[in-house]
Each structure stands twice: as C-alpha cells, then as structure tokens.
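Given next are the chains, with one letter for each unit.
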Amino acid sequence: MKRSLGSQTIIYPLPAFLVGTYDTEGKANIMTAAWGGVCCSEPPLVAVSVRKERWTCEAIVKRGAFTLSIPSADMAAQTDFAGIASGRNTDKFKELGLTPVKSALVDAPYVGECRLVLELTLHTSLDLGSHVQFIGKVEDVKADEDCLDDKGKPVRKKIDPLLYDIGAREYCRAGQTMGKAFAGGKIYWKKTDE
C-alpha cells in the first residue's frame, strides 16, 4: 500500500547542473541547480529553474545565455558549495579551484573541469512562482575526448555524472545499465496485421 507524502517535488533522478553565467560586470559565476532537464528535441531545448533572488537569475536575463556544465560524482563537494554560496560576494571559480572557460558561442562561461558542457542561448523564460524557468536552445555540446566512444558519443560511465537525491537531500552517482532503450521493451510488443 502506498502512503501519501503530500504535494512535493520529488522526482528521481535529478541532474546536478553547474549553471554558468557572467554578471553585469562580466564576472564569471556558477550556481548549482537540480530543477531541470531536456524539454524539446527539435529545436534542442533544455530547461533549468532558478530562484528569483539568485544572482544567476538576473545574469541569464541580462546576458541572454548560460551554460550547463555536468559535474562528475567526484565534484560533489564543489557542486554543493556552488549552490550554497552566492556569486554576489564570492568568486566561486576561485574558491573551488575551477577554471572558467569563455564560450566561443554564447555569452557565458563553463567549467573547464567538467567532462560534458552544454552552451545555450535563452529561448524562453517562464515566471513560475518562486522560480523562473529558463529554456535554453542548445547551441553546442562539448565533451572531453576521453569520455567519448569510438563513434563520438558520450559514455555515461566515463562522464560519471553527479545526481541529486531530493528525498534524502544528498548527492549520488548513476548506477548500472539495466537495458537498451527502444529495444528491451520489444518483448511486450504484440504484432498485429493493422
């Protein structure tokens, strides 16, 4: 039997993103966000929600761009700090020993130490209440060479993406492969003459 937990935002798994922006003075900043994910395939769009009072919120609006750096599991403490310190009074890149890399495509920095990075231009923003949801058009995805397979596709196990467990309020890593998408479910497919 299931027990009601009330109206909450509990979804598994949640990605841990490092949202990269430049503030109005051009200072590079990162902020941790877990409220986000893919929202459209054509055009390629990704959404991330940011509290209105966050320094990053204003920066995305002013610059019209942001990046999503995907931290690896070994970056859990750095990712946590980037979510609890404010860019208003902290140089998070410097404090964390991370490298801000200027994107050649969008007006935002990304984290050089992250193995996978998305560069986005602001497509749409939605005022949702406590958060603004920013929907970014993916202009490019950059990946470390050693995280790609022989066909040039990212390998999850090599990226080792950090995840956020909202229920336990802890970071974790992706688990084992359970099957191939668009293949494993075919055992339930019933062929008809239609």
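Predicted model only: the values in this text are computed from it and were never measured.

Caption draft 1: View of helix α1 (residues 55-63). Those residues of α1 that fall on the buried side of the exposure criterion are Thr56, Cys57, Ala59 and Ile60. Taken end-on, α1 shows its buried residues confined to a sector of 170°, consistent with a single buried face. Exposed side of α1, more than 90 degrees from the buried face: Val61 and Lys62 are the residues found there. Where α1 is buried, its residues touch β2 (17-22), β3 (28-33), β5 (45-51), β6 (65-70), β9 (116-127) and β10 (131-143). Following α1 by one or two positions, glycine 64 adopts a phi angle in the positive range, close to 70°.

Caption draft 2: Here's a closer look at the packing of aromatic side chains. By the definition in use, this model includes one aromatic pair. Centroid distance tyrosine 164 to tyrosine 171: 5.6 Å. Interplanar angle 55°. Geometry classified as tilted. A residue is classified by how much of its surface remains accessible, and tyrosine 164, at 15% relative accessible area, is buried. On the basis of relative accessible area, tyrosine 171 is assigned to the partly exposed category, the value being 25%.

Caption draft 3: Fine view of the side chain of aspartate 165. Within the secondary structure layout, aspartate 165 lies in strand β11 (residues 162-165). Among buried charged residues, aspartate 165 stands out as having no salt bridge; its nearest opposite-charge side chain is arginine 169, 9.3 Å away. Polar contacts involving the side chain of aspartate 165 include one to the side chain of tyrosine 12, which spans 3.2 Å. Aspartate 165 has contacts with Tyr12, Glu170 and Cys172, leaving out every residue within four places of it along the chain.

How each quantity is defined
Residues numbered from 1 in each chain as written. Predicted model: local features only at pLDDT ≥ 70, side-chain atom pairs only at ≥ 80, totals over all residues. Heavy atoms only, no water. Buried < 20%, exposed > 50% of the residue type's maximum accessible area, 1.4 Å probe, protein only. Helix = DSSP H or I, 4+ residues; strand = E, 2+ residues; numbered from the N terminus. Arc of directions from axis to C-beta. Contact = heavy atoms within 4.5 Å. Phe/Tyr/Trp six-rings, centres within 6.5 Å; stacked < 30°, edge-to-face > 60°. Lys, Arg positive; Asp, Glu negative; His and termini not counted. Salt bridge = Lys/Arg side-chain N within 4 Å of Asp/Glu carboxyl O. Polar contact = N/O pair within 3.5 Å; in protein donor to acceptor, adjacent residues only side chain to side chain.

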